[in-house]
Every structure is written in structure tokens, then in C-alpha cells.
Amino acid sequence: MIVITGAAGFIGSCMVQKFNEEGLTDLVLVDDFTKEQKKRNWENKHYTDKIQRDVFFAWLSQNAKYIDCIVHLGARTDTTEMDYSVFERLTVGFTQQLWSLATQYRIPLLYASSAATYGDGALGYVDDEGIIERLQPLNPYGRSKNEIDKWILKQGTMPPLWAGFKFFNVFGPNEYHKGRMASVIFHSFNQINATGKVKLFRSHRPEYVDGKQIRDFVYVKDVVNVLYWFCRHPHPNGIFNLGTGKARTFLDLATATFHAMGKAPVIEFVDIPEDIRDKYQYFTEADMQKMNKTAVKHDFYSLEDGVSDYVSNYLMKNEIF
């Protein structure tokens with residue numbers, strides 16, 4: 001049995017689909033299943049049971065001997081939420097308790113960290129566990145993920161196998177429910193349909209041209225393929241970057257979206273909202289050397305191919321993965 005937390009969410013539901021495609025259906029989905037806007041993400045998946053988040057730990061203690069692996073993708077993911085106590089409860093505390101139970105019952109555990117832990121990138125984007133204590137995230141979301149990483153590295157006992165993954169800018173199907181937090185591709189697609197153009201953030205730093213802010217955009221299918229491998233194979237314990245290792249501009253992203261829709265690009269620039277302006281990352285790029293030293297072998301989608309698949313097979317058809 002494999003447990004997936006956050007299973008009704010964006011990456012979590014894609015993880016469930018990946019397991020299904022590999023012929024695995026003895027899955028237990030954990031989330032808040034009362035949220036109607038997420039129902040599409042899980043209702044057609046194949047699984048053994050679904051457990052409400054607030055009773056999950058009691059269920060785990062009773063069923064631990066049946067669990068082969070836990071993939072922990074549940075968390076508060078709103079990067080504009082400024083109340084850290086929300087993250088303390090839903091992200092930090094939950095993960096700490098899950099780690100303790102996985103350690104107690106000897107269950108392999110994979111969990112989601114984030115590239116937001118790197119802050120403004122002053123210390124680079126190398127997944128060196130020696131720098132984690134010195135990282136300065138720019139918002140409470142990033143801080144919560146970094147606090148988890150710091151706490152885990154201090155633990156004297158651990159699950160038999162474990163790994164954390166610093167996700168970079170993940171995009172792809174099953175993010176219809178995310179609203180403002182959905183990917184730029186999702187918003188670009190909707191803007192093009194509504195107005196024929198895309199609005200991108202202009203640069204508020206002189207060293208970056210408008211639209212040339214650079215991010216490591218990684219397709220969700222690549223993310224779940226890597227997580228699947230770690231769940232099914234022996235691997236080194238530790239915290240790993242999970243991106244493509246090839247940063248691209250927002251202009252590239254918008255242009256790829258237009259092309260996937262068969263339209264000529266029309267791009268307009270707008271100011272970054274003031275509530276996130278001083279927390280905005282202008283450059284991220286995953287150093288993937290540590291991941292590449294593992295036995296996982298996976299060819300990542302190019303930005304253009306990932307956007308094309310997402311737009312053509314999901315957004316244009318209003319489909320779920």
C-alpha cells in the first residue's frame with residue numbers, strides 16, 4: 001500500500017495518476033475531500049481508500065504495517081499568505097508528526113520541499129544540506145518549507161528511506177482549482193482566450209529586461225516520474241533539487257503558450273503587485289548534479305514540449321490528468 005497526502009491537489013493528484021498508469025491501485029489518498037473544486041482531481045482515479053486529513057494520523061497508527069511508502073505532498077501552498085501560524089499548523093507541524101510516525105513504524109517517506117527555500121538566490125541553488133541553516137526565504141511559505149528541512153536534518157532517528165525534494169516552478173494539468181496560485185501557463189491560456197494577449201510582470205530591477213525574469217519551469221509529469229522512481233527503488237537519503245536544470249524566461253513561456261494554441265504572441269507588461277514585489281524571485285535554476293548521481297534516469301520535457309502537451313491535451317479540452 002502506498003499513501004499519498006495532498007492527493008486531491010495539483011501534484012498529488014498527478015502522482016496518483018502516475019501510480020495508476022504503472023498499474024498500482026492499492027493507494028490511500030489523504031486530503032480534505034470536502035472541497036468541491038478539487039473533486040475532479042480524484043474522482044476518476046483508482047485507489048483503495050481515501051482518508052480525511054484530520055483523522056489521518058490515527059488511521060496511520062492502526063495501518064502502519066500495511067504501508068510500503070508515504071509520498072507527502074500535502075501542504076499550504078499559498079505564497080501570498082503572510083500569517084506564518086497557518087503554515088506552522090498545516091505544513092510544519094503536520095510534516096513533523098508524519099516524519100515521527102514514519103520513523104516509529106519504519107515506513108519510507110518522500111516529502112515536498114520547495115525552491116522557495118533559496119530566497120533571492122544569494123547562496124545559489126545547489127542542494128547542499130550544509131547551507132540550509134543559512135538560507136533566507138522571502139515569504140512564510142518558503143520559510144515553512146525551510147524550517148521542515150532544517151528540523152529533519154537535526155533528527156537523530158529517521159525512516160529507513162527518506163528524501164525531500166525542492167520543487168522548482170511546477171506546471172501542468174490538475175491545477176484548475178488553484179486560482180491566483182496556478183501557473184503562469186494556466187493564466188496565460190485563459191488570458192489569451194479572453195483577450196487575445198498575455199500580461200506578464202515587468203521588471204522592477206534594472207539588470208532584468210521586462211519578461212526576461214528567469215525561472216526553472218518543470219513539467220509536473222517529470223516531477224511525478226522522479227517521485228515514482230524514488231518510491232519504488234533504493235536511493236540515497238537526503239534533500240534533492242527537482243527542476244530541469246535549465247532556466248527559461250517568462251517570455252519563452254508565454255510564447256510557447258501562444259504557439260501551442262496556434263496564435264501569434266501578443267504580450268503586455270504590468271507592474272508586479274506590491275504585496276509580493278519584494279518577495280519576487282527574478283532567477284531560479286536547479287543545480288541537478290546531486291540528483292544526477294542517483295540511479296534515476298529520466299529525460300525531462302523541454303519547456304516547449306511540456307507547454308504543448310499541457311495546453312493541447314488538457315487546457316484546450318478541459319481535461320484532468
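**Student:** I tried to follow the environment of Tyr208 on my own but got confused; where do I start?
**Tutor:** Tracing the chain through its elements places Tyr208 in the loop between β8 (198-201) and β9 (214-215). Take Tyr208: its relative accessible area is 18%, and that puts it in the buried class. As a C-alpha pair, Tyr208 and Val198 span 10 residues in sequence and 19 Å in three-dimensional space. Ignoring any residue separated from it by four or fewer positions in sequence, one finds Tyr208 in contact with Ser203, Gln213, Tyr282 and Phe283.

**Student:** What is the right way to look at the sheet that holds strand β11 (residues 238-242) in this model?
**Tutor:** Within a beta sheet, neighbouring strands are joined by backbone hydrogen bonds and run either parallel or antiparallel to one another. Strand order in this open sheet of seven strands is β3-β2-β1-β4-β5-β6-β11, and the pairing throughout is parallel. Because the sheet does not close on itself, it has two edges, and the strands there are β3 (49-52) and β11. In this sheet, neighbouring strand axes are inclined to one another by 20° on average, regardless of whether the strands run parallel or antiparallel. Strand direction decides the pairing type here: strand β4 (residues 69-72) and strand β5 (residues 109-114), joined by three bridges, are parallel. Bridging across to β5, Ile70 finds its partner in Leu109. Running over the sheet, helix α7 (residues 220-232) touches β1 (2-5), β4, β5, β6 (162-167) and β11 and is turned about 170° from β6.

**Student:** Is there a simple way to explain the pattern of salt bridges in this structure?
**Tutor:** Under the defined criterion, the tally for this structure stands at 12 salt bridges. The salt bridge involving Arg180 is made with Asp275; its shortest N-O contact spans 3.4 Å. With a gap of 95 residues between them, Arg180 in the loop between β7 (169-171) and α6 (184-195) and Asp275 in helix α9 (residues 274-277) connect regions that are remote in the sequence. Under the relative-accessibility criterion, Arg180 is labelled partly exposed at 48%. One salt bridge connects Asp252 with Arg248, and the closest N-O pair in it is separated by 3.1 Å. In this structure Asp252 comes out as partly exposed when scored by relative accessible area, which is 29%. Through salt bridges that share partners, Arg248, Asp252 and Glu304 make up one connected network.

Cut-offs applied
- Residues numbered from 1 in each chain as written.
- Predicted model: local features only at pLDDT ≥ 70, side-chain atom pairs only at ≥ 80, totals over all residues.
- Heavy atoms only, no water.
- Helix = DSSP H or I, 4+ residues; strand = E, 2+ residues; numbered from the N terminus.
- Buried < 20%, exposed > 50% of the residue type's maximum accessible area, 1.4 Å probe, protein only.
- Contact = heavy atoms within 4.5 Å.
- Pairing = 2+ DSSP bridges.
- Axes fitted to C-alpha atoms, helices over the stretch in contact; angles between N-to-C directions.
- Salt bridge = Lys/Arg side-chain N within 4 Å of Asp/Glu carboxyl O.

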